[in-house]
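Working through the structure, step by step
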Amino acid sequence: MGTKRGNSPMNVLFERLRKQSIKVKILLGALLAVCVLVALNFIIKDHYYFFIASAATHAAGIIALIYKLFAQKTCSGLSLKTQELTALFIAARFSCSTFMVANIHTVLDLISLLSTLLVIWMIRFKLKSSYIKELDNLRLSFVVVPSAILAILIHPFTTHWRFIRVIWAFSLYLEAVSVLPQLRFMRNAKMIETFTGYYVFALGISRFLALAHWVIQIYETKGSFLFLAGSGYFWFLAAFLAEMVQSLILADFCYYYMKSFMKGQLMRKMPV
């Protein structure tokens, strides 16, 4: 299942953490997250850079997938459905930002969209013999339909571009659950391939950076950021909860990924 590097300080630390109760692990994880947030708040003065860093990290994860597809000539371990959901929410967000305000984030979204479409094309046509469809068995309607309904009900309120605002909300809600097919795929396979792990870990870092923006803004405005006038009573709160959901979905994977990485395991076994 992989090679180990011996009793290094990191291995000893992870072994001690493994023996702790789940409550202690959650507390330590929360303390670490708070420390990182405080550091980011001091280092990064313009909060918009959180979104730039988040989009850039996501793009880096997709680039890791492209390297895997071209270098190893296989798409084993990858969920086509997660890539399709990713292309859908990025396309929705890109179309909205193009209409409302074009900036560097729009450019990064375009790069991510084109890269994701390339990954989809490779899986569907070039490397389809190595795609394990039986393990990629989460129905897309289970995540797309609820995201669409929620976007219609809760979205930024405005008298102009209302349809665009609904699409924007749809992209945010769909992004929060887009990784579920990939996580289900890996649990079905009970194994995580190296570059697939890189990709999902990059998603985890990307979501943490986006969540950091929310937490810092909420702290600095003493909670009023969630209920900005003119944005709808529930929109910012729903958007924040969506970020929380995706971060929690990826947090468990990132913990086990870092644990396996520090132990020097090239192939990571998915926790049961």
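Residues numbered from 1 in each chain as written. Predicted model: local features only at pLDDT ≥ 70, side-chain atom pairs only at ≥ 80, totals over all residues. Heavy atoms only, no water.

Considering the UniProt feature "transmembrane region" (unreviewed entry) in the protein chain
If you check UniProt for "transmembrane region" (unreviewed entry), the listed places come out as residues 26-44, 50-70, 107-125, 137-157, 195-216 and 236-258 in our numbering. This span, residues 195-216, is 100% helix and 0% strand, and a straight line between its end C-alpha atoms measures 32 Å. (UniProt positions renumbered as here; feature names shortened; annotations may be inferred. Helix = DSSP H or I, 4+ residues; strand = E, 2+ residues; numbered from the N terminus.)

Concerning helix H8 (residues 180-189)
If you check which residues of H8 are buried, you get Pro-181, Gln-182, Leu-183, Phe-185 and Met-186. Backbone geometry just downstream of H8 places Lys-190 in the positive-phi region, at approximately 60 degrees. (Buried < 20%, exposed > 50% of the residue type's maximum accessible area, 1.4 Å probe, protein only.)

Thoughts on the packing of helix H4 (residues 80-100) against helix H5 (residues 104-126)
Contact pair H4 / H5: the axes reach a minimum separation of 9 Å and the direction vectors enclose 150 degrees. Considered as vectors, H4 and H5 are oriented roughly antiparallel to each other. In this structure, the crossing between H4 and H5 has a hand that is left-handed. Across the interface between the two elements, Leu-80, Gln-83, Glu-84, Thr-86, Ala-87, Ile-90, Ala-91, Arg-93, Phe-94, Ser-97 and Thr-98 of H4 pack against His-105, Thr-106, Asp-109, Leu-110, Ser-112, Leu-113, Thr-116, Leu-117, Val-119, Ile-120, Ile-123 and Arg-124 of H5. Here the contact of H4 with H5 is composed, by residue class, of eleven nonpolar, eight polar and four charged. (Axes fitted to C-alpha atoms, helices over the stretch in contact; angles between N-to-C directions. Parallel < 35°, antiparallel > 145°, perpendicular 65-115°, else oblique. Left-handed = near helix turned anticlockwise from the far one by under 90°. Contact = heavy atoms within 4.5 Å. Nonpolar A, V, L, I, M, F, W, Y, C, P; charged D, E, K, R; others polar.)

Quick look at unusual backbone geometry
Of note, the phi angle at Lys-73 is positive, near 55 degrees, even though the residue is not glycine. With respect to the secondary-structure elements, Lys-73 resides in the loop between helix H3 (48-72) and H4. The exposed category is assigned to Lys-73, whose relative accessible area is 57%.

Topic: helix H9 (residues 194-220)
Residue pairs three or four apart in sequence face the same way in an α-helix, which turns once every 3.6 residues. Its 27 residues place the ends of H9 39 Å apart at the C-alpha level, agreeing with the 39 Å of an ideal helix rising 1.5 Å per residue. One or two steps after H9, the chain reaches Lys-222, where phi turns positive at roughly 55 degrees. (Expected span 1.5 Å × (residues − 1).)

Quick word on the pattern of salt bridges
Per the stated rule, a full pass over the model turns up five salt bridges. Taking the shortest distance from any N to any O, the salt bridge between Arg-207 and Glu-175 comes out at 2.9 Å. Highlighted residues: Arg-207 in helix H9 and Glu-175 in helix H7 (residues 162-177), separated in sequence by 32 residues. Among the ionic pairs, Arg-207 bridges to Glu-243, the shortest N-O distance being 2.9 Å. Of this pair, Arg-207 sits in helix H9 while Glu-243 sits in helix H10 (residues 235-262), and the two are 36 residues apart along the sequence. Residues Arg-207 and Glu-243 agree in their burial class; the two are buried. (Salt bridge = Lys/Arg side-chain N within 4 Å of Asp/Glu carboxyl O.)

A closer look at the packing of H4 against H7
Axis separation between H4 and H7 bottoms out at 9 Å; the angle between their running directions is 145 degrees. Considering only the axes of H4 and H7, their crossing is left-handed. When H4 is examined against H7, the residues Leu-85, Leu-88, Phe-89, Ala-92, Arg-93, Ser-95, Cys-96, Ser-97, Phe-99 and Met-100 are found in contact with a partner set consisting of Ile-164, Arg-165, Ile-167, Trp-168, Phe-170, Ser-171, Leu-174 and Glu-175. Looking at the contact of H4 with H7 residue by residue, the classes come out as twelve nonpolar, three polar and three charged.

Digging into the nonpolar core
Core analysis: the largest hydrophobic core is formed by 49 residues, its most contacted members being Tyr-173 and Phe-253. Mapped by element, the contributors of at least two residues to this core are H3, H4, H5, helix H6 (141-153), H7, H8, H9 and H10. In terms of residue count, the dominant contributor to this core is H10 (ten residues). (Core = buried A, V, L, I, M, F, W, Y, C linked by side-chain atoms within 4.5 Å.)

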